[in-house]
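Descriptive structure summary
Take a look at the letters that make up each chain.
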Amino acid sequence: MPLHVVEIHSLRVPDNRQRREFKTEEIVKLADSISTNGLIQPVVIRQEGDSIVLVAGERRIKAMMYVWNFGQKVRCGTETFEEGQIPCIYQGEMDPIDAFEMELEENVRRLDLTWQEKATATSRLFELRNQQAVRDGRPPPTVMDITRELKGDSGGAFDDTRKELIVSRHLADPDVAKAKSADDAFKILKRKETSQKNADLAELVGLTFTADIHKVHHGDSLTLLPTFEAESVDVILTDPPYGIDADQYGDSGGRAGGSHFYDDSFETWSKIMGVFCHEAFRVAKPLAHAYVFCDIDNFIFLKSYMSNAGWNVFRTPIIWHNPTAMRAPWPENGPQRKYQLCLYAMKGDRHVIKLAPDLITYQSDENLGHQAQKPVDLYLDLLRRSCRAGDVVLDPFCGSGPIFPAAHQLKCQAVGIELDPSAYGIAVTRVKALL
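Parameters and conventions
- Residues numbered from 1 in each chain as written.
- Predicted model: local features only at pLDDT ≥ 70, side-chain atom pairs only at ≥ 80, totals over all residues.
- Heavy atoms only, no water.
- Core = buried A, V, L, I, M, F, W, Y, C linked by side-chain atoms within 4.5 Å.
- Buried < 20%, exposed > 50% of the residue type's maximum accessible area, 1.4 Å probe, protein only.
- Helix = DSSP H or I, 4+ residues; strand = E, 2+ residues; numbered from the N terminus.
- Contact = heavy atoms within 4.5 Å.
- Phe/Tyr/Trp six-rings, centres within 6.5 Å; stacked < 30°, edge-to-face > 60°.
- Lys NZ or Arg CZ within 6 Å of the ring centre and 35° of its normal.
- Axes fitted to C-alpha atoms, helices over the stretch in contact; angles between N-to-C directions.
- Parallel < 35°, antiparallel > 145°, perpendicular 65-115°, else oblique.
- Nonpolar A, V, L, I, M, F, W, Y, C, P; charged D, E, K, R; others polar.
- Expected span 1.5 Å × (residues − 1).
- pLDDT = per-residue confidence, 0-100.
- Disulfide = S-S within 2.5 Å.
- Pairing = 2+ DSSP bridges.

1. Here we look at the nonpolar core
Ranked by internal contacts, the top residues of the largest apolar core, which has 33 residues, are Leu382, Leu383, Val393, Ile403 and Phe404. For this core, the elements supplying multiple residues, two or more each, are β9 (233-238), β10 (284-294), β12 (318-321), β13 (339-347), α12 (376-386), α13 (403-409) and α14 (421-433). A per-element tally of this core places α12 first, with six residues. If we ignore the near neighbours within four places in the chain, the residues touching Leu382 are Leu237, Tyr291, Phe293, Ile318, Cys342 and Ile360. By size, the runner-up hydrophobic cluster in this structure holds 30 residues, among which are Phe228, Phe276, Ala280 and Leu394.

Right, here's the structure in full:
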């Protein structure tokens, strides 16, 4: 490889070339090495019009200046160089892999890199180190190797490098390219990946999905739940008794045929929840969500039951606002009750499909003959937060069965249990009406 000489004053160093300051102790150490052993690698340059531009070797130039300041000459190979004379090679004269490294050295150190350019440079460095490993018969580099080379061992640097390597492969995607940061780009990719998986699964499930896939059981959930297979359910969404003596009054606005048929005392509710919370945890898969409607007075007790059963309970409830609600606990004194609470809990680290608010508004559906009927759109909203096509959802207190049309829209299998014969009949009718 031919060695060239360039006067230091005629060499142009791009202003934005370096991403960091050179430490004096590092320059002095290199100068001592050059003085003793000579310059091992010459400076790399390229021709740009009438200018000679530095590609790589600024640190070596600074170290040579130290050597010259002590009245010594710089040796490179078999030649010696006076003060101000820089031993160089042109970039085009190098081995292709080494030239790639020098070009990358110039770009990866720049101060003004956008996150897109930085991700691309990180990816190219990873590619370069792989090529060099193959050429030299060494093991391929790891992400940690690249992290240490670029960023040292600082906390979080490994994750940053990993994300840069991933997003660099997707910069042709306009949504990824226009993100504000590599971290935002990575989140966009994850959302797109999840969305595509859901779409693929929905297409697959859609080929065989029929109403026959749903199951409605007539009986007591506290008797039937223990017979269900463990870790078989992805999401539990249910509207159990509230334990507020609702059997003592009927205020459904005349829309339901009768009053609450069951004992709705706090004592009975406590016994039901004591069994339900543990059984729900048992039948839930290792990664699962639960949505359980409850009364405001009993939310803290339900939270305790669920936590003791093993669920990780969200601290505050989801609020369902119903503009058409008719209930008036004090009919002569007001106000009307326009909201209900829903406890949200998690088993394992199951991620939500969408991040949704804790205040949701849906009006009542046309009443089918059940005094505590919840709207299908409300169930659909909650399931959309947690369900993918093909998931199994369970409602152990399914009432008139809004879980079935909601789950059917998402191509999920719904399993319901209902004790009241009339409500069970409504749920069965719902399932039969599904296409």
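Picking up where we left off.
2. Digging into the packing of aromatic side chains
For the coordinates displayed, the defined rule picks out eight aromatic pairs. Their ring planes at 65° and their centres at 5.7 Å tell us that Phe276 and Phe397 sit as a pair that is edge-to-face. Remark: Phe397 occurs in the loop between β15 (392-395) and α13 and Phe276 occurs in helix α10 (residues 266-283); sequence separation between them is 121 residues. Accessibility classification places Phe276 together with Phe397 in one group, the buried group. Members of the aromatic cluster, joined through ring pairs, are Phe266, Trp269, Phe301 and Tyr305. Across from the ring centre of Tyr339, 5.7 Å away, lies the NZ or CZ of Arg337, which sits over that ring.

3. Some thoughts on the packing of helix α4 (residues 115-136) against helix α6 (residues 157-167)
Put simply, α4 and α6 touch, their axes get as near as 8 Å, and they point 95° apart. One finds that α4 runs roughly perpendicular with respect to α6. Here Trp115, Lys118, Ala119, Thr122, Ser123 and Phe126 of α4 lie close against α6, whose contacting residues are Thr161, Glu164, Leu165 and Val167. For the contact of α4 with α6, the residue count by class is five nonpolar, three polar and two charged.

4. Section: helix α2 (residues 58-69)
If you check α2, its first and last C-alpha atoms are 17 Å apart, about what twelve residues at 1.5 Å a residue would give, namely 16 Å. When we look at burial in α2, the residues that qualify are Glu58, Arg60, Ile61, Ala63, Met64, Val67 and Trp68. Phi for Gly71, located one or two positions after α2, is positive at around 75°.

5. What about the confidence of the model for the protein chain?
The pLDDT averaged across the protein chain works out to 83; a share of 83% of its residues lies at or above 70. Taken element by element, the predicted model of the protein chain shows its lowest mean pLDDT in helix α3 (residues 96-108) (57) and its highest in β9 (98). Confidence drops under a pLDDT of 50 for residues 250-260, and excluding neighbours within four residues, the segment shows 19 contacts in the predicted structure.

6. Thoughts on α4
A rise of 1.5 Å per residue sets the reference length of α4, with its 22 residues, at 32 Å; its end C-alpha atoms lie 31 Å apart and thus fit the reference within 8%. Burial in α4 covers these residues: Trp115, Ala119, Ala121, Thr122, Leu125, Leu128, Arg129, Gln132 and Ala133. One or two positions beyond α4, positive phi appears at Gly137, with a value near 70°.

7. Observations regarding the packing of helix α5 (residues 143-151) against α6
The packing of two helices is summarised by the inter-axis angle and the distance between the axes. The contact between α5 and α6 brings their axes to 9 Å, and the two run at 110°. Judged by the angle between their axes, α5 and α6 are roughly perpendicular. Taking contact as the criterion, the partners of Val143, Met144, Ile146, Thr147 and Lys151 in α5 are, on α6, Ala157, Phe158, Asp160, Thr161, Arg162, Glu164 and Leu165. Considered class by class, the residues forming the contact of α5 with α6 number six nonpolar, two polar and four charged.

8. Here we look at the state of the cysteines
Inspection of the entire model under this criterion finds zero disulfides. With no disulfide of its own, Cys88 has Cys76 as its nearest cysteine by sulfur position, at a separation of 9.3 Å. With no disulfide of its own, Cys412 has Cys387 as its nearest cysteine by sulfur position, at a separation of 4.3 Å. Since its relative accessible area comes to 0%, Cys412 is described here as buried.

9. Some details on the pairing of strand β4 (residues 51-56)
Each regular strand displays side chains that alternate between the two surfaces of the sheet. With five of six residues buried, β4 is to be regarded as a mostly interior element. Examined bridge by bridge, strand β2 (residues 11-12) and β4 share two bridges and lie parallel to one another. Residue pairing in the sheet places Arg12 in a bridge with Val53 of β4. One ladder, built from five bridges, connects strand β3 (residues 43-48) with β4; its direction is antiparallel. Its bridge partner lying in β4, Ile45 is registered against Leu54.

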